[in-house]
Amino acid sequence: MANWSELSNDVLEYITSILSLPDYHRFGAVCQNWWSVAKQKHSRPANQLPWLVLGDDYATQKRTFFNLLENKHYCIDIPELRGQYLCGSFYGWLFTIDIQLNARLLNPFTGKQYDLPPLPAYSEYFKTHAYLREPTEHSTATFAEMQMKLVWKAILDYDPSDRSDFKVVIVYGENRVLAFWRPGDLKWKFIDGYWYIDDVLFSNGKLYTITSMGDSRLNVVDDWSAPKLTQVKVTIPTIFDVMCFSYLVDIRGELLLVQRYREYNVVEQHHTTIDVQVRKIDVDGGVSVVCKHIEGYAIFLGNSLPVVVDPSKFPSCRKNTIYFTDISFTLNAPKYGRDDFWIYDMNTCRFSRYYPRNIFIPPVAAPIWFNPNPW
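Residues numbered from 1 in each chain as written. Predicted model: local features only at pLDDT ≥ 70, side-chain atom pairs only at ≥ 80, totals over all residues. Heavy atoms only, no water.

Details of unusual backbone geometry
Phi is positive for Glu 295, which is not a glycine, with a value near 60 degrees. Relative to the helices and strands, Glu 295 resides in the loop between strand E19 (287–290) and strand E20 (298–301). You can call Glu 295 partly exposed: its relative accessible area is 33%. Although it is not a glycine, Cys 349 sits at a positive phi angle of roughly 60 degrees. With respect to the helices, strands and loops of the structure, Cys 349 is situated in the loop between strand E23 (342–345) and strand E24 (350–352). Cys 349 gets classed as exposed once you look at its relative accessible area, which sits at 52%. (Helix = DSSP H or I, 4+ residues; strand = E, 2+ residues; numbered from the N terminus. Buried < 20%, exposed > 50% of the residue type's maximum accessible area, 1.4 Å probe, protein only.)

In structure tokens:
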């Protein structure tokens with residue numbers, strides 16, 4: 001019988017290239033030789049379904065992750081994540097805010113991080129934009145409430161591990177305006193233009209935003225020497241009798257708009273998703289058309305960069321589906337905590353759950369999709 005511990009390094013390196021992250025770590029625990037190969041990190045783990053980052057485990061203070069592929073929870077001791085509220089996830093990095101309202105970028109599996117400048121003061125923006133409503137909540141809000149409400153969403157244009165000239169863009173404050181930061185900047189800079197932004201996305205070298213308060217409006221920033229949001233002339237119908245939240249998604253260079261319709265359940269005191277519509281946006285033609293499918297892909301949406309997956313590589317993942325996380329922004333815990341987790345099947349137009357409802361998730365533990373990148 002062959003001695004598995006004596007397999008050549010070439011063979012072992014190939015094996016690591018087809019393993020998921022959990023299996024990669026199991027591989028390294030087999031024996032000293034396998035651990036040595038895994039430690040060298042010649043190959044990134046194979047593509048995998050995103051994980052769901054939940055809150056701190058109450059007893060151990062370890063961070064809880066839900067591995068969708070294995071249908072399994074992992075509690076991992078990451079001191080840098082204790083007590084952190086997560087506002088964005090991209091390329092294996094997280095945008096975190098602590099209870100003192102300090103923001104940073106963190107790769108939780110490598111420990112690499114960027115300490116970001118203090119979040120911009122509202123007064124910097126409102127002194128030149130008097131038509132917006134000056135927030136009054138900060139005089140009575142707790143730090144925990146402010147921790148959840150200061151940044152609606154954050155994204156990156158590039159992986160900081162690959163490029164040093166990346167940009168961080170945040171949807172900021174009660175009026176959901178845009179600000180950005182680049183390495184070397186001493187403070188955040190506001191991007192003038194529209195407000196009440198639902199989502200923001202880099203696509204084809206441009207920054208797009210979408211709003212759904214009133215008429216749905218698509219905006220773009222294409223000149224970073226003097227960044228300003230300008231409206232894209234495209235027709236996007238909106239339903240006004242329910243709450244609509246909009247997401248932007250890039251699939252192979254095509255811009256999609258996912259409109260998530262929610263209503264308030266008075267009995268259970270929370271919002272729940274009741275309908276979904278997907279539209280393909282033709283920026284040049286100025287039109288948007290309803291899509292009945294998404295080319296067989298699966299999309300993972302929430303308070304993070306959209307993750308687009310080819311389900312043919314994952315038997316448990318279905319084609320033409322959209323996975324949603326709960327996006328409530330309140331400390332008032334409903335009966336089941338955060339539980340607006342759904343898979344929407346575009347083939348059947350039906351919803352199903354992917355996360356058990358009987359596991360209570362407190363409101364402060366904002367669930368967020370995350371692609372681990374330990375490199």
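So, the sheet that holds strand E11 (residues 189–191)
Strand order in the open sheet formed by four strands is E8-E9-E10-E11, and the pairing between neighbours is antiparallel. Edge positions in the sheet fall to strand E8 (151–156) and E11, since each has one partner strand and no second. Each strand axis lies, on average, 30 degrees off the axis of its neighbour in the sheet, ignoring direction. With five bridges connecting them, strand E9 (residues 168–172) and strand E10 (residues 177–181) associate as antiparallel partners. Bridging from a neighbouring strand, Tyr 172 pairs with Val 177 of E10. (Pairing = 2+ DSSP bridges. Axes fitted to C-alpha atoms, helices over the stretch in contact; angles between N-to-C directions.)

Section: the nonpolar core
Counting 72 residues, the largest nonpolar core has Phe 95, Val 151, Ile 170, Leu 207, Leu 218 and Ile 322 as the members making the most contacts within it. If near-sequence neighbours (up to four positions away) are discounted, Val 151 is found in contact with Cys 87, Phe 95, Ile 97, Leu 119, Ile 170, Val 171 and Tyr 172. Core analysis: the next-biggest nonpolar cluster, separate from the first, contains 17 residues, Leu 49, Leu 52, Leu 54 and Ile 343 among them. (Core = buried A, V, L, I, M, F, W, Y, C linked by side-chain atoms within 4.5 Å. Contact = heavy atoms within 4.5 Å.)

Some details on the side chain of Asn 303
Along the chain, Asn 303 turns up in the loop between E20 and strand E21 (307–309). By relative accessible area, Asn 303 is classed as buried at 8%. Here the side chain of Asn 303 touches Trp 152 through a polar contact of 3.4 Å, landing on its backbone oxygen. (Polar contact = N/O pair within 3.5 Å; in protein donor to acceptor, adjacent residues only side chain to side chain.)

A word on the pattern of salt bridges
Inspection of the entire model under this criterion finds 15 salt bridges. The salt bridge involving Asp 23 is made with Arg 26; its shortest N-O contact spans 2.6 Å. Highlighted residues: Asp 23 and Arg 26, both in helix H2 (residues 21–28), separated by three residues, approximately one helical turn. For Asp 23, a relative accessible area of 31% gives the class partly exposed. Look at Arg 26 and you get partly exposed, because its relative accessible area is 38%. A salt bridge links Lys 280 to Glu 254, with the shortest nitrogen-to-oxygen separation between them at 3.4 Å. Here Lys 280, found in strand E18 (residues 270–282), pairs with Glu 254, found in strand E17 (residues 254–265); they are 26 residues apart in sequence, far enough to count as distant. Lys 280 sits in the partly exposed class, given a relative accessible area of 31%. (Salt bridge = Lys/Arg side-chain N within 4 Å of Asp/Glu carboxyl O.)

Some words on the packing of helix H1 (residues 9–17) against helix H3 (residues 32–40)
Packed helices, taken two at a time, are described by the angle between their axes plus the distance between the axes. Across the interface, H1 lies against H3 with an axial gap of 10 Å and an inter-helix angle of 60 degrees. Viewed along their axes, H1 and H3 adopt a mutual orientation that is oblique. Of the two elements, H1 crosses H3, and the hand of that crossing is right-handed. Only Asn 33, Trp 34, Val 37 and Gln 40 of H3 make contact with H1, whose side of the interface consists of Asn 9, Leu 12 and Glu 13. Its residues assigned to classes, the contact of H1 with H3 shows three nonpolar, three polar and one charged. (Parallel < 35°, antiparallel > 145°, perpendicular 65-115°, else oblique. Left-handed = near helix turned anticlockwise from the far one by under 90°. Nonpolar A, V, L, I, M, F, W, Y, C, P; charged D, E, K, R; others polar.)

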